[in-house]
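What the coordinates show
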Amino acid sequence: TPQMRFLPEIAGWARVLSDRAYALMRQGTLPIFLGGDHSLSMGSVNGVLRHCREAGRELFVLWLDAHTDFNTPATTPSGNMHGMSAALLCGEPGLDDVFGSEPRERLDPQNLTILGARSIDREERALLRRRGVEVFDMRLVDEYGVSVLMRRILDKVASRNGVLHVSLDVDFLDPSIAPGVGTTVPGGATYREAHLIMEMLYDSGLVGSLDVVELNPFLDDRGKSALLLVDLVSSLFGRQIIEPTGALERAASGAQ
């Protein structure tokens, strides 16, 4: 339909990805999904949700993105389904054809946190507010810093014995450091902000699955964006410049 461009192709991939994510999670692995546009997450997160439901664990999703991807067929100005992926996961109407009769789970909108947003459509903004989705836009990043916002997110997940899925869109990053994306928006996360987020995610031990989406090699500058993403994923899996010392940890916690 004009409101859902490439629906048959996206639905086909979403179903395959959902089954694969579910199977990998059941094996106890930490799956990484590389895209492709952000419609990929319709499948990956649905599969993770299915596993978490069976395992009796609550799933939380951290959406690192310049956009909130919470449009529906009724609100979309473009018909691009990668702008509807978070809405589908939260059970918004009009998107049932993606999974049809296939197994589908719903993410509680209050378990979704979008970090880094700086381009939101008007009707999308109203829907996010109605659903209670937590959106930390770049204004909040500037005002509080990523460490304060990340601690709030991670504390919430930990307090409820949850599992965290991280969905990283390249356009979360500032185009000056990651130009290889078709939907660049100025004013994104810096190199150090992005690494700090990944380092804190590793330290938390809460991450159960990961998407890395929207890298377009044809728009990249000599592999600049791709190399940065490799660095970021390495940080998420524990690569550190130097091990923190006990004294530094005590200072960070305010102890003498």
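Residues numbered from 1 in each chain as written. Predicted model: local features only at pLDDT ≥ 70, side-chain atom pairs only at ≥ 80, totals over all residues. Heavy atoms only, no water.

Labelled according to an unreviewed UniProt entry, the protein appears under the name Arginase, originating from Inquilinus limosus MP06. On record in UniProt, under Pathway (unreviewed entry), the comment for the protein is "Nitrogen metabolism; urea cycle; L-ornithine and urea from L-arginine: step 1/1." (UniProt positions renumbered as here; feature names shortened; annotations may be inferred.)

Attention now goes to the overall build of the protein. On a plain count of helices and strands, the protein comes out with nine helices and six strands. Residue burial in the protein is summarised as follows: out of 256 residues, 49% are buried. Of the roughly 12,200 Å² of accessible surface on the protein, a fraction of 53% belongs to carbon and sulfur atoms. (Helix = DSSP H or I, 4+ residues; strand = E, 2+ residues; numbered from the N terminus. Buried < 20%, exposed > 50% of the residue type's maximum accessible area, 1.4 Å probe, protein only. Areas by Shrake-Rupley, 256 points an atom, 1.4 Å probe, with all protein chains shown as cover.)

Within the secondary structure, Arg 50 sits in helix α2 (residues 40-55). By relative accessible area, which is 11% here, Arg 50 ends up buried. Setting aside residues up to four positions removed in sequence, Arg 50 forms contacts with Ser 18, Asp 19, Tyr 22, Pro 103 and Glu 105. (Contact = heavy atoms within 4.5 Å.)

Next up on the list: the packing of aromatic side chains. Tallying each qualifying case throughout the model produces zero aromatic pairs. Taking the ring centre of Tyr 22 as reference, the NZ or CZ of Arg 50 above it sits at 4.4 Å. (Phe/Tyr/Trp six-rings, centres within 6.5 Å; stacked < 30°, edge-to-face > 60°. Lys NZ or Arg CZ within 6 Å of the ring centre and 35° of its normal.)

We now examine helix α7 (residues 191-204). Spanning 14 residues, α7 covers 20 Å between terminal C-alpha atoms, matching the ideal 20 Å at 1.5 Å per step. Downstream of α7 by a residue or two, Gly 205 has a phi angle that is positive, lying close to 70 degrees. (Expected span 1.5 Å × (residues − 1).)

What follows covers a nonpolar patch on the surface. The grouping of Leu 30, Ile 32, Leu 34 and Phe 237 at the surface amounts to a nonpolar patch, some 380 Å² of accessible area in total. Checked against the element boundaries, Leu 30 lands in the loop between α1 (7-26) and β1 (32-34). (Patch = residues over 30% accessible without salt bridge, like charges linked within 9 Å, V, L, I, M, F, W, Y side chains within 5 Å. Salt bridge = Lys/Arg side-chain N within 4 Å of Asp/Glu carboxyl O.)

In this structure, Met 42, Leu 59, Phe 70, Met 81, Val 98 and Leu 112 are the most contacted members of the largest nonpolar core, which totals 38 residues. Listed by contribution, the elements that provide at least two residues to this core are α1, α2, β2 (59-64), α3 (85-89), β3 (112-117) and α4 (122-131). At seven residues, the largest contribution of residues to this core is made by α1. Once residues lying within four places of it in the same chain are set aside, the contact partners of Leu 59 are Val 45, Val 48, Leu 49, Cys 52, Leu 107, Asn 111, Val 163, Leu 164 and His 165. Counting 36 residues, the second-largest nonpolar core is a separate cluster that includes Leu 154, Met 198, Met 200 and Leu 206. (Core = buried A, V, L, I, M, F, W, Y, C linked by side-chain atoms within 4.5 Å.)

This part covers the pairing of β2. Among the six residues that make up β2, six are buried, leaving the element largely enclosed by the rest of the structure. Here β2 shows no split at all, with Leu 59, Val 61 and Trp 63 on one side and Phe 60, Leu 62 and Leu 64 on the other all buried. Strand direction decides the pairing type here: β2 and strand β5 (residues 163-169), joined by six bridges, are parallel. Counterpart to Val 61 in the pairing with β5 is His 165. Bridging between β2 and β3 involves four bridges; their strand directions are parallel. Note that in β3 the partner of Leu 62 across the bridge is Thr 113. (Pairing = 2+ DSSP bridges.)

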